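Summary of the model geometry
If you want the building blocks of each chain, they are given just below.
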Amino acid sequence: DVKVTQSSRYLVKRTGEKVFLECVQDMDHENMFWYRQDPGLGLRLIYFSYDVKMKEKGDIPEGYSVSREKKERFSLILESASTNQTSMYLCASKWQGQNGGYTFGSGTRLTVV
Amino acid sequence: AQTVTQSQPEMSVQEAETVTLSCTYDTSESDYYLFWYKQPPSRQMILVIRQEAYKQQNATENRFSVNFQKAAKSFSLKISDSQLGDAAMYFCAYRRNFGNEKLTFGTGTRLTIIP
């Protein structure tokens with residue numbers, strides 16, 4: 001089975017800290033995604049990557065950046081964490097092509113205090 | 001831009017009964033995919049069912065079926081013989097067939113099963 005692993009299930013950080021959320025997949029997927037999930041807003045796409053060192057902004061990229069130096073790892077970076085970035089963060093990966101399914105990680109619940 | 005709307009924030013159903021979750025979407029594309037995902041308290045997103053827009057036949061997976069109305073841009077999920085394990089958040093999602101592979105999600109419906 002394809003696995004998408006997010007390094008932390010719960011994380012508490014202070015305002016202004018630099019925060020790294022890590023996501024690793026083990027099936028050589030080209031595409032990787034970072035979503036933010038908030039009650040009443042569903043999942044919103046922050047950034048996605050379709051290959052190593054390639055990235056595209058999603059719908060809500062402000063305050064975030066990403067890094068993909070290796071195919072299996074896609075990192076979400078909060079340069080200076082703020083309280084409005086308190087949320088659940090979900091990573092997903094997918095093979096390129098029509099028939100590939102998406103595999104999601106179990107999420108990181110980030111609290112910024 | 002594509003949008004997905006789920007107008008029912010919460011639904012409840014008696015165990016063994018049938019429930020229908022609504023989803024509408026807006027797109028100018030003619031070729032796309034629609035999905036229903038389930039998210040139980042474990043947070044793991046699980047694919048429930050997938051529909052390809054060019055297929056007229058509604059997708060079914062055991063107790064789960066969809067009513068896909070392409071002209072109306074409607075994609076509802078019917079759960080038959082509801083079970084306690086069906087309790088979860090359900091998300092409707094859209095993906096265009098060509099171009100980037102991103103999923104656009106609705107806001108979700110929380111389904112409660114009443115024993």
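Residues numbered from 1 in each chain as written. Chains lettered and ligands numbered in written order. Predicted model: local features only at pLDDT ≥ 70, side-chain atom pairs only at ≥ 80, totals over all residues. Heavy atoms only, no water.

Quick look at the packing of aromatic side chains now. Under the criterion given, the structure shown has 17 aromatic pairs over all chains. Measuring from centroid to centroid gives 6.3 Å for Phe104 of chain A and Phe105 of chain B, while their planes differ by 70°, and the two rings are edge-to-face. Separated into two different chains, Phe104 of chain A in strand E10 (residues 102-104) and Phe105 of chain B in strand E11 (residues 104-105) make up a pair that spans both. An identical accessibility class is assigned to Phe104 of chain A and Phe105 of chain B; each is buried. Centre to centre, the rings of Phe68 of chain B and Phe75 of chain B are 6.3 Å apart; their planes meet at 80°, and the pair counts as edge-to-face. When its relative accessible area of 9% is taken as the criterion, Phe68 of chain B is described as buried. (Phe/Tyr/Trp six-rings, centres within 6.5 Å; stacked < 30°, edge-to-face > 60°. Helix = DSSP H or I, 4+ residues; strand = E, 2+ residues; numbered from the N terminus. Buried < 20%, exposed > 50% of the residue type's maximum accessible area, 1.4 Å probe, protein only.)

Glancing now at the sheet that holds strand E7 (residues 65-70) of chain A. Residues and elements named next belong to chain A. Here we have four strands laid out as an open sheet, ordered E1-E3-E8-E7, and antiparallel in their pairing. In this open sheet, the two strands that pair with only one neighbour each are strand E1 (4-6) and E7. Between one strand axis and the next, the sheet turns through 20° on average, direction left out of account. As judged from the three bridges shared by E1 and strand E3 (residues 19-25), these two strands associate in the antiparallel manner. Residue pairing in the sheet places Gln6 in a bridge with Cys23 of E3. (Pairing = 2+ DSSP bridges. Axes fitted to C-alpha atoms, helices over the stretch in contact; angles between N-to-C directions.)

None of this, on its own, says anything about what the molecule does.
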